[in-house]
Amino acid sequence: MHNLWRLRGYLRPHATEFCWLLVAGLTATAAGLAVPLLVQRVVDGPLARREPAGLVQLGGLVLLLGLVEAVLIFVRRWTQTSSSVGMEAAIRADLYAHLQRLPASFHDRWQSGQLIARATGDLSMIRRFLSFGLLFLVLNLVTYLAVVVLLIRLHPPLGLLVAASAVPLFLISRRFARAYHIAARRMREQQGDVATLVEETAQGIRTARAFGRGPELAARFGAGARALHDTAVGKSRLLARTSALFDLVPNLTLGVVLVTGVAAAARGTLTVGELLAFVSLQLMLIWPVNSLGWIIANGQEAATAADRIQEVLDTPPAIRDRPHAVAPTRGEVRGRLRFERVGFGYPGSVTPVLRDVELTVEPGETLALVGATGSGKSTLLSLVPRLHEVGTGRITLDGHDLRDLRLAALRRLVGVAFEEPALFSMSVWENLTLGRPDADEDEVRAALTLAQADFAYDLPWGLATRVGEQGLSLSGGQRQRLALARSVLGRPAVLVLDDPLSALDVHTEALVEQALRRVLRDTTALLVAHRPSTVALADRVALLDRGRITAVGTHTELLATEPAYRALLRPEPTAAAVPAAGPTTAAVTPDGPTTAAVPAGPTTTTAAVTPEGPTVARTTTVTAAPP
Ligand SMILES: Nc1ncnc2c1ncn2[C@@H]1O[C@H](COP(=O)(O)OP(=O)(O)OP(=O)(O)O)[C@@H](O)[C@H]1O
């Protein structure tokens, strides 16, 4: 319950409403408790003495109490909903804000389904407990204590017997609470797993279909759903078994009370009115005891949910502003980017991805980063906007350690476009101005023109067209161009582009490159390049090999001096240029696949796809094992 208690701060803004709730609930309970006592007066007084006048008076009072109770219950329910929903919304807002602050490494580790489950289902559990469980726990406890006190006053021996029934109830509750907590935790985890599976399937539906993996995914989902079902059934049975015991204890006590009470009334030690009041009061205990199982279950689910939410809220945002961080403006930044002995490893991984990276990008210079797949290029880029924090060494911008700059300012200064661009479910305009909400129409137009993304104006509602998951689907190239426009909007001081042209056709690529050249002229840029055409945009190239910079120079220099670079970025050979000797290589030309020979011995085999028309061809280099 500790984590649930820690959420008490969210109750504070609704403290007045909760006080009213409690007052209304307690008053309604008191009104309800007064009824049996009045009935006792009616039976032992006017009814025994046959005085109709007194009967009307007391009957009227009973009716009035019933009415008061009904009105108070209505007031309680009305207030209850608004305050608990308000609290749920406040916790959700904080959880979401915290998720935004958590570093990329946190999101790498956590399944999105688990986060979705926490931000939805878990919060609902807490709301339900705060609006019903907690209130009824307090009201039922008060009712129980008040009834037991009244019963002891009416008939001490029988009253004490009823009080003693609390002992087995307490033992059953304790056992049940422990078992239910474990089941509730397991169920919430499984719900998160199922949510993740649904999300993954929805996102990868095309791949799954294309590879005919539907049945396997369905089987995986089926297993997850079955496990969830079994836990849910086990949990319900646990509740059912305990509820039966909670039913049994008060009913057994009632039976003993009835037999002993009637005998006492026969002996004259208890009046009929007192017996009636005693039994009526005892009947009022049935609901509080019966509901105990449900309230404990509700409390345990809320406690589990609070544990899960606090797990996220307790994760400190590892990347945050230092106390004296500065926020330079665009005008104050020249854009000299320097990596000084930078090392980095992903959390939980023993091998570092980057080691002793030494690199300088001068203001206005464009540096291309070339390396085999998995060599750490994207990781290196992600350190610039501080999506991940450097492990060792430092990165400076104009001599300032990036960690001494305010995160918001740094991210305004650094424009980023990833290889797989994410578009949010909002309008094209909103997507474009994500990092620059103050951008005006001319700036947006200039960015779109630069990225050859004018197609956005031709969308059904122009820039107001909703894209992303809930909107219009765009092609990979269109999304990439929008992402590029987004990154160059407002002319950032540093541009970080992760193979931003990979999804473009050769013609568009040439046009984007032409436009990019203009932007790159006065911006410091670091771009991952896989093709000579992208490398051609750069002033210099850095070769990254298994996390280390092994060479820096111009494209021509590296081609001449670095065999590894040559292997990655040799100029695209045409089928005709390949010498006719040695093992064969497959080349796909516009006329269909052909085979050509490559010299014997080399360990690389090149498959060249030569598209029609433009001069730039794409090359995929495959490293083969030595013969
Ligand atoms: N989020 C992550 N968590 C753990 N390891 C990661 C993560 N992202 C990348 N890696 C690992 O770090 C290494 C470098 O990955 P990175 O994506 O930086 O390579 P890359 O050179 O950009 O590759 P590519 O050219 O294929 O995009 C790889 O071994 C990869 O498995």
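Quick caveat: nothing in here was measured; it's all calculated off a predicted structure.

Draft legend 1. Expanded view of the site of the ligand. Around the ligand sit D108, Y346, S349, V353, G371, T373, G374, S375, G376, K377, S378 and T379, and those are all the residues in its vicinity. In terms of residue count, helix 12 (residues 377-382) provides more of the shell around the ligand than any other element does, 3 residues in total. Looking at side-chain class alone, the shell around the ligand contains 2 nonpolar, 8 polar and 2 charged residues.

Draft legend 2. Main features of the sheet that holds strand 10 (residues 548-553). In spatial order, the strands read 6-7-8-3-9-10; together these 6 strands make up an open sheet with mixed pairing. Edge positions in the sheet fall to strand 6 (414-417) and strand 10, since each of these pairs with one other strand and no more. Averaged over neighbouring strand pairs, the angle between their axes works out to 20° when direction is ignored. For strand 6 and strand 7 (residues 494-498), the ladder comprises 4 bridges, and the chain directions are parallel. Across the sheet, the residue bridging to G415 is L495, located in strand 7. Where helix 16 (residues 476-488) meets the sheet, its contacts fall on strand 6 and strand 7, and the angle it forms with strand 6 comes to roughly 175°.

Draft legend 3. Quick peek at the UniProt feature "transmembrane region" (unreviewed entry) in the chain. If you check UniProt for "transmembrane region" (unreviewed entry), the listed places come out as residues 20-43, 55-75, 129-152, 158-177 and 244-263 in our numbering. With 100% helix and 0% strand, residues 20-43 has end C-alpha atoms that lie 35 Å from one another. Note that residues 55-75 is 100% helix and 0% strand, and that its end C-alpha atoms are spaced 30 Å apart.

Draft legend 4. How the structure looks around unusual backbone geometry. Located in the positive-phi region is D356, a residue other than glycine, with phi close to 45°. With 15 C-beta atoms packed within 10 Å, D356 lands in the partly exposed category. Phi angles above zero are rare outside glycine, and D398 is one such case at about 50°. Among the structural elements, D398 can be located in the loop between strand 4 (392-397) and strand 5 (400-401). Of the residues examined, D398 has 16 C-beta atoms within 10 Å and is grouped as partly exposed.

Draft legend 5. Molecular detail of the confidence of the model for the chain. When pLDDT is averaged along the chain, the result is 80, and 89% of the positions lie at 70 or above. Low pLDDT, under 50, characterises residues 574-627; the stretch is placed with 81 contacts to residues that sit more than four places away or in other chains. Interface predicted TM-score (ipTM) for the complex: 0.96; the corresponding pTM is 0.64.

Draft legend 6. Spatial organisation of the nonpolar core. With 70 residues, the main nonpolar core has L369, V370, A485 and L526 as its most contacted residues. Looking at this core, the element that brings in the most residues is helix 16, giving 5 residues. Once you skip the residues sitting within four places of it in the chain, L526 turns out to touch L337, V361, L367, L369, L381, V384 and V496. I126, L130, A303 and A305 belong to the second largest nonpolar core, which has 45 residues in total.

Reading guide: rules and limits
- Residues numbered from 1 in each chain as written.
- Predicted model: local features only at pLDDT ≥ 70, side-chain atom pairs only at ≥ 80, totals over all residues.
- Near = placed C-beta within 6 Å.
- Helix = DSSP H or I, 4+ residues; strand = E, 2+ residues; numbered from the N terminus.
- Nonpolar A, V, L, I, M, F, W, Y, C, P; charged D, E, K, R; others polar.
- Pairing = 2+ DSSP bridges.
- Axes fitted to C-alpha atoms, helices over the stretch in contact; angles between N-to-C directions.
- Contact = placed C-beta atoms within 7 Å.
- UniProt positions renumbered as here; feature names shortened; annotations may be inferred.
- Buried ≥ 20, exposed ≤ 12 C-beta atoms within 10 Å, placed from the backbone.
- pLDDT = per-residue confidence, 0-100.
- Core = buried A, V, L, I, M, F, W, Y, C linked by C-beta atoms within 7 Å.

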